[in-house]
Every structure is written in structure tokens, then in C-alpha cells.
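Structural description and commentary
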Amino acid sequence: MRALIKIGGSLLDDPASREDIARQIAAVAASGVSVAVVHGGGRQMTRFLEERGIQSRFVRGLRVTTDETIDALLKVLAGTVNTQLAAALCAAGAKAVGLTGIDAGLATAEQLDPELGFVGRVVASDPTVLDALADAGLLPVIACVAGGADGQVYNVNGDSMAVAIASGWEADRLVFLTDVQGVRDANGDIVAVLTVEGCQDLIASGVASGGMQAKLNAAAEAVAGGVPEVSIVKGSDPFILKRVFDGEKIGTRIAGPHHDPLFPIMTAIMP
């Protein structure tokens, strides 16, 4: 079984939170699941840029990416954030390897919109490096940086990066660790299970907007791209990954038609 876990950068800013998530991911890997991690780091990048007097600008929720932003992307996201997470995973017993989408052509991108500068969208994902690392018992930790066919470095939205890599790797499950407990309906209640059509309905009705709209679009794209099951859960909830992989009804699960939930696998691993 292959699982890709996407971690929002806000969950990695605090050392205690980072170490807790790393322990949980290491336990998933120890249970026999081939795990890859994609992480964000927008908050850390914003802080880095502000310390240098550079104001961040966003268009449609995406950071306008200049040469200065690319410098921060490589130093902070692909550097500090990636290395700190890999170190926490290694301390938890996993054999983590830090990567970006540039490595071995894992994610190839092209410019999304000239107005956004060097923001890219992934147009191809080659899972060769993930397969090689997984076969060797290693755990890839991937920063949301991709390369263009011309060698340009691109800033890629974390959710989009996770979807592209999960689809290319043919992952059995994609888990979004977020700062919300799941998708809410018009009454404010958590929706336990959604189809792709259900995602589209929530967006069209305006119930899901902003960041949740982006999450649902990403989840629907992943399912359409062949990922059988996507979970949206709150990353700071206690033992969240154990609960997800045990099959507990927590957060929101998006699945294709006629798909049964994956079998619980971790009860014996994380008491």
C-alpha cells in the first residue's frame, strides 16, 4: 500500500507539533505502508521575506513569485523546512530523504500565469525516484518546488503538488493534514463522506469557498486521477494518523464510486 501525506506548513512551524507528526508518520511507515510526504511552508517563507523587507503579494490565493521569492523558496521551503522535517522523521526512526520536485524529474512544471511570476503547475510527474527510495525502505520528504523543461525553478501550490505526485505514484491514499477538522455542510456539520460530485456541489453552492474550495478541487482532481481515497483531517488532533489509517470516521473522506474504505492497518502499531 502506498500513501502520500500532505502537511500544511503551519503544522511544521512549532517544533513540538513537527515532532509529533513525524512520530506518527514514522509509525505509519513502520506498519509496512510505503509513505511519501509533501509539505508546505508558506508561513515560514512570509516571515523570511518580511525580515528582509520584502512584502508578499497574493493573487487568487497564490503567492506572486519573483526572483527574490524563488531565493526564499530554495532557502526556506527546500532548505530549512524540508531539513527540519527530515531530521524529525529520522529521530522518530524513519529513514527520511529530503527532496524537491526537481530531483530526478519528480515534478515538471510550466508557468501557470504570467501575472503570478514563477508560479508553476505540474504537467508531469515521474515516480522513478519514489519507487527507488521506497524499495530501499526510505521515506521521501518533498518540498513544493518543481522544475521546468527549460530549467526554470517554479513555486507550486502544495495541494496541487501532492495531487500530481500521488496520481503519478499511483498512491492508494492521499491524506491532507490541515488546520480544520474536515469539510462542513451548510449547517456547519462535518461531512463524513463525499463523492467528486458532492465536492462540486459544495463549491457551486458557495458553502465551500477559499481554502476549503481549493482543498476540495484538489481532492476531486486526485480521485479523478486514480487515487482511490482522499482524507481531509485536522493535523493537530491527537493520534490523527493512527485514527485515519485505523478506519475511524474522522474528518472528511472523498472517494470514487464503488470504493470501499481501505482496511485498518495500524491498531497493532500505535497502541
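Everything here concerns the structure above.
All values derive from a computational prediction rather than experimental measurement.

**Here we look at the overall build of the chain**
- Within the chain one finds eight helices and 14 strands.
- Relative to the compact-globule value of 18 Å for 271 residues, the chain shows a C-alpha radius of gyration of 17 Å, a close match.
- Residues classed as buried in the chain amount to 51% of the 271 residues present.
- Working note: accessible area of the chain is about 11,900 Å², and carbon and sulfur atoms make up 51% of it.
- Across the chain, the centroid of the 21 positively charged side chains sits 5 Å from that of the 31 negatively charged ones.

**A word on the layout of surface pockets**
- Taken as a whole, the largest pocket spans an internal volume of roughly 1,300 Å³.
- Around the largest pocket, the lining is made up of 44 residues, and of these Gly61, Leu62, Asn157, Gly158 and Asp159 lie nearest the centre.
- If you list the elements that add at least two residues to the lining of the largest pocket, you get helix 2 (42-51), strand 4 (62-63), strand 7 (119-124), strand 10 (153-156), helix 5 (158-169), strand 11 (173-178) and helix 7 (210-224).
- In terms of residue class, the lining of the largest pocket is built from 19 nonpolar, 16 polar and nine charged.

**Topic: the state of the cysteines**
- Applying the stated rule across the entire model yields zero disulfides.
- In this structure Cys90 is not part of a disulfide, and its nearest cysteine sulfur, from Cys144, lies 19 Å away.
- The class for Cys144 is buried, based on a relative accessible area of 2%.

**Focus on the packing of helix 5 against helix 7**
- At a closest axis distance of 9 Å, the pairing of helix 5 and helix 7 adopts a crossing angle of 10 degrees. Judged by the inter-axis angle, helix 5 sits roughly parallel to helix 7. Every residue of helix 7 that contacts helix 5 at Asp159, Val163 and Ser167 is listed here: Lys215, Ala218, Glu221 and Ala222.
- Partitioning the contact of helix 5 with helix 7 into residue classes produces three nonpolar, one polar and three charged.

**Quick look at unusual backbone geometry**
- A positive phi is found at Ala104, a non-glycine position, where the angle reads about 55 degrees.
- The residue Ala104 is located in the loop between strand 5 (96-100) and strand 6 (108-111) in this model.
- Despite not being glycine, Phe239 has its phi angle at roughly 50 degrees, a positive value.
- Its place among the elements puts Phe239 in the loop between strand 13 (229-234) and helix 8 (240-245).
- Accessibility expressed as a relative area gives 52% for Phe239, which makes it exposed.

**Details of the pairing of strand 11**
- Among the six residues that make up strand 11, six are buried, leaving the element largely enclosed by the rest of the structure.
- Of the two faces of strand 11, both are covered, the one formed by Arg173, Val175 and Leu177 as well as the one formed by Leu174, Phe176 and Thr178.
- Two elements, strand 1 (residues 2-7) and strand 11, share five bridges in a ladder whose sense is parallel. Looking at the pairing, Ala3 lines up with Arg173 of strand 11.
- Two elements, strand 11 and strand 13, share six bridges in a ladder whose sense is parallel. Bridge pairing links Arg173 to Glu229 in strand 13.

So, how was this worked out
Residues numbered from 1 in each chain as written. Predicted model: local features only at pLDDT ≥ 70, side-chain atom pairs only at ≥ 80, totals over all residues. Heavy atoms only, no water. Helix = DSSP H or I, 4+ residues; strand = E, 2+ residues; numbered from the N terminus. Rg over C-alpha atoms; globule rule 2.2 N^0.38 Å. Buried < 20%, exposed > 50% of the residue type's maximum accessible area, 1.4 Å probe, protein only. Areas by Shrake-Rupley, 256 points an atom, 1.4 Å probe, with all protein chains shown as cover. Lys, Arg positive; Asp, Glu negative; His and termini not counted. Charge placed at Lys NZ, Arg CZ, Asp CG, Glu CD. 1 Å grid on protein atoms, 1.4 Å probe; cavity = no way out; pocket = protein on both sides within 12 Å on 5 of 7 lines; lining within 4 Å. Points joined across faces, edges and corners; volume = space filled by probe spheres on them. Nonpolar A, V, L, I, M, F, W, Y, C, P; charged D, E, K, R; others polar. Disulfide = S-S within 2.5 Å. Axes fitted to C-alpha atoms, helices over the stretch in contact; angles between N-to-C directions. Parallel < 35°, antiparallel > 145°, perpendicular 65-115°, else oblique. Contact = heavy atoms within 4.5 Å. Pairing = 2+ DSSP bridges.

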